[in-house]
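# Inside the fold
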Amino acid sequence: KIPSTTNKSSALGVQLQVTNKQVVIDNGIVQVTFSSPGGDVIRIKYKEINNVLETKNYEDNRGYWDVVWNRPGDSNIFDKVQATKFSIIVQNEEQVEISFSKIWSPSMDKTTVPLKVDKRYIVRRGSSGLYLYAVMERLKGWPDVDMDQIRVVFKLQSEKFHYMAISDDRQRVMPMPQDRTTGQPLAYPEAVRLTNPVNHQQKGEVDDKYQYSCENKDNKVHGWISNDPPVGFWMITPSNEFRDAGPVKQDLTSHVGPIVLNMFGSVHYAGKDLNAEYRNGEPWKKVFGPVYVYLNSIPPSENPKALWEDAKRQMSTEVKSWPYNFPRSEDFPSSDQRGNVVGQLVVRDPYINEKLIDASLAYVGLAAPGVVGSWQTEVKGYQFWTQADKKGSFSIKNIRAGKYSLYAFVPGFLGDYKYNVDVIIQPGSEIKLGVLTYDPPRNGPTLWEIGIPDRTASEFYIPDANPTLVNKLYIDSPANKFRQYGLWERYTDLYPKNDLIYTVGVSNYAKDWFFAHVNRKVGNTAYKATTWQIIFELKSVMQSGSYTLQIALASATNSELQVRFNNANLKQPLFTTRLIGKDNAIARYGIHGLCWFYSIQVPASQLIQGKNTIYLTQTRNGSPFSGIMYDYIRLEVPTKA
């Protein structure tokens, strides 16, 4: 175990040095230098490394905040948020907190995002790292904008940091940045095949930053390890309250550079369906963070992977310390200014069980008031989520004061839950909701089903990658098989002429249902729409009511799903989604993006006694990445009178 660096009694006091163009904080463990008044992190001295950040880069390209934004209808602008004012918030031997702030005005450069920004940095006695957070605000009446991305970026020394770790099963020696320059570009700029890498063992592999994405709920610690000297640089996120779009939103982590990110918000794996539009002078304020940049080290004789284990322990310590009691911004409430909510969720589905069913391991959360499922596109406010126990009991702690809706989804059950009353949190609130009952979508007994309603396509058939286009990290990793490049083209390899046919009672969705409904490649740049078939038997057709086809999608990108029964050539489908989806999860190795749900009434006249066929057509054929992922499909028979 790595010796703790948080013994405050023996640690040196925190020192602050201010000059015209730089600010330096030093606690004897780390020494951090900032540009002033811009507020970038330009140097982090740790152990014998004079600067862990990339000294080949300009000072404004080492450690910085940025916002990607645009005026409505205009193209994106990339703003590395530069402050105009430096101030000292706290200065004593226990901690130093400093502020770099700016207020937008109409006279500023047209590339400056209309925001009031306060970037805060904290170094504490005995702490082996740097806490950082930002308060961003729009004042009432400010110009209309979209803000597609808010993040913080650290670029490390490429000559030292070669080993990247995101989770226990996702860590490796990474390619060098020049390997991407000399490599072969693939279907889009982020994906490159390494043709002449510095490390020849990586020749032929594919590198793409999106292969290292992670769901918010799992994105608590990631970073890089230097072997000489053995030093780790880690991004620790103790809470997801300030991240956008809920617990299963995916985003970038670390990638070749070496680069470490904290993505507070982005349109990745969602697209413009996220509500990142600010209109009609709408005011807004949000605190992003604090997060913790943690550095650690071991003697050269020890295994560098011990640094990862220590980083995980430090992450657990930070999580237990949330919400921190030391940031001084009045916009960051301490624990006693927050509230808690407890309750139990049960599921009522009499077609499965006459008794109420425990909502085992349900995800339950508070987010801005909205309609059922709106949390997955909500970015402006805070979200507070937890996972219930096996009985469906949940406890959501340390909730900021405000008005929320309570949402939930239950693995194994279709649809989304929303509590029918707003939840008002006040400082010190202890709200007991009691037992809440979720009635999932259901019109009748199940005739058959395909998949598992879990908001992903992970249970379906994921093919082996093209052996010339692999990331070796994922070759023997079934849980991450979907992260390989080019899987969308494997559909054409497996179904070169005829599309997928699934026979209920005979086929196995784990082997016979391709994970993504994509187009067939018919030329170098030409693609053809595809129609999948589901074949099932009906001993008789009930005439007393409608059948129901329940379709849950795990992803959609520039797609349109049309549904027909027993006649593929009908001009008018029984149902169409129309054009939906911008999440790009197929191209970006996501096994899901945003979820879509459709409950389709099927008149008995559409069905026949004996063999029936459902035709599922994804009609938009302009791109290899236009397509959908199914989560779950179920056909229900009418309820008997």
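Because the structure is predicted, anything quoted here is derived from the model rather than measured.

### Observations regarding the sheet that holds strand S16 (residues 206-207)
Across the sheet, three strands lie side by side as S14-S15-S16; this open sheet has antiparallel pairing. Whereas interior strands pair on both sides, the edge strands pair on one side only; in this sheet they are strand S14 (184-185) and S16. As judged from the two bridges shared by S14 and strand S15 (residues 192-193), these two strands associate in the antiparallel manner. Note on S15: the bridge partner recorded for Gln184 is Arg193.

### Points about the state of the cysteines
Counted under the stated rule, the structure contains zero disulfides. Considering cysteine sulfurs only, Cys595 is the nearest to Cys214, which forms no disulfide, with 17 Å between them. Residue classification places Cys214 among the buried positions, given a relative accessible area of 8%. Residue class for Cys595 comes out buried when judged on its relative accessible area of 18%.

### A short note on unusual backbone geometry
For the peptide bond that leads from Asp228 to Pro229, omega is 0°, which places it in the cis range. Residue placement: Pro229 occurs in the loop between strand S18 (221-227) and strand S19 (230-236). Note that the residue after Gly289, namely Pro290, is joined by a cis bond; omega there is 5°. Tracing the sequence through the fold places Pro290 in strand S24 (residues 284-297).

### Some details on the pattern of salt bridges
Tallied over the full model, the rule gives 37 salt bridges. Where Arg400 meets Glu241, a salt bridge forms, and the shortest distance between an N and an O atom there is 3.2 Å. Of this pair, Arg400 sits in the loop between strand S29 (393-399) and strand S30 (402-409) while Glu241 sits in the loop between S19 and strand S20 (250-251), placing them 159 residues apart in sequence. Three or more residues are tied together by salt bridges with common partners; here these are Asp146, Asp148, Lys272, Glu277 and Arg279.

### Comments concerning the domain arrangement of the protein chain
Domain parsing of the protein chain yields domain 1 (15-321), domain 2 (335-438) and domain 3 (446-636). If you average the C-alpha positions of domain 2 and of domain 3, the two centres end up 30 Å apart. Each partner contributes residues to the interface: domain 2 has 11 residues there, and domain 3 has nine residues. Taken together, the two surfaces of domain 2 and domain 3 that pack against each other cover about 800 Å², and 60% of this comes from carbon and sulfur. Looking only at domain 2, the three residues that lose the most surface to domain 3 are Gln376, Gly412 and Leu414, adding up to 65% of its buried area. Summed over the shared surface of domain 2 and domain 3, the number is one salt bridge. Arg455 is paired through a salt bridge with Asp416; the nearest N and O atoms lie 3.1 Å apart. Our enumeration of links across domain 2 and domain 3 arrives at three residue pairs in polar contact (both at pLDDT 80 or more). Split by residue class, the side of domain 2 that touches domain 3 holds six nonpolar, four polar and one charged.

### Quick word on helix H3 (residues 487-494)
Within H3, the full set of buried residues consists of Leu487, Trp488, Arg490, Tyr491 and Thr492. Taken together, the buried residues of H3 touch strand S36 (517-518), strand S37 (520-521) and strand S39 (530-538).

### A short note on the confidence of the model for the protein chain
Residues with a pLDDT of 70 or more make up 98% of the protein chain, whose mean pLDDT is 96. Ignoring residues within four places in sequence, the model shows residues 3-7, a span with pLDDT below 50, making five contacts including any to other chains.

### Re the packing of aromatic side chains
Taken as a whole, this structure holds 45 aromatic pairs when the rule is applied. Aromatic side chains Phe86 and Phe100 sit 5.2 Å apart centroid to centroid with 40° between the ring planes, which places their arrangement in the tilted category. Here Phe86, found in strand S7 (residues 85-91), pairs with Phe100, found in strand S8 (residues 95-103); they are 14 residues apart in sequence, far enough to count as distant. Overall, the relative accessible area of 0% leaves Phe100 in the buried class. Lying across the ring of Tyr382, Lys286 places its NZ or CZ 5.9 Å from the centre. Positioned above the aromatic ring of Tyr278 is the side chain of Lys380, whose terminal nitrogen or guanidinium carbon lies 4.7 Å from the ring centre.

So, how was this worked out
- Position numbers for residues count from 1 along each chain, tracking the sequence in the order it is written.
- Per-residue local features of the predicted model are confined to residues with pLDDT of at least 70, and side-chain atom pairs are confined, for both listing and counting, to 80 or more; whole-chain, interface and lining totals are unaffected and use all residues.
- Side-chain descriptors were evaluated using all non-hydrogen atoms of the structure, hydrogens and water having been removed beforehand.
- Only strands that DSSP links by at least two bridges are regarded as paired with each other.
- The secondary structure listing takes helices from DSSP runs of H or I that are at least 4 residues long and strands from runs of E that are at least 2 residues long, numbered from the N terminus.
- Criterion for a disulfide: a pair of cysteine sulfur atoms at a distance within 2.5 Å.
- Relative accessibility decides the category of a residue: with a 1.4 Å probe and only protein chains considered, values under 20% of the type maximum give buried, values over 50% give exposed, and everything between is partly exposed.
- We define a salt bridge as a contact between a side-chain nitrogen of Lys or Arg and a carboxyl oxygen of Asp or Glu at a distance within 4 Å.
- Throughout the structure description, domain borders are defined by an automatic or database domain assignment.
- Contact definition: two residues touch when any of their heavy atoms are within 4.5 Å.
- As a working definition, buried area equals the accessible area (1.4 Å probe) given up by two parts on being put together, with both sides summed.
- Here a polar contact means two N or O atoms within 3.5 Å. Within protein one must be a hydrogen donor candidate and the other an acceptor candidate, and residues neighboring in sequence count only if both atoms are side-chain atoms.
- Nonpolar residues are Ala, Val, Leu, Ile, Met, Phe, Trp, Tyr, Cys and Pro. Charged residues are Asp, Glu, Lys and Arg, and all others, Gly as well, are polar.
- Here pLDDT means the predictor's own confidence in every residue, given as a number from 0 to 100.
- Stacked, edge-to-face and tilted labels apply to pairs of Phe, Tyr and Trp rings (six-membered ring for Trp) whose centres lie within 6.5 Å, assigned for plane angles under 30 degrees, over 60, and everything in between, in that order.
- In our convention, an over-ring charge means Lys NZ or Arg CZ found within 6 Å of a ring centre and within 35 degrees of that ring's normal.

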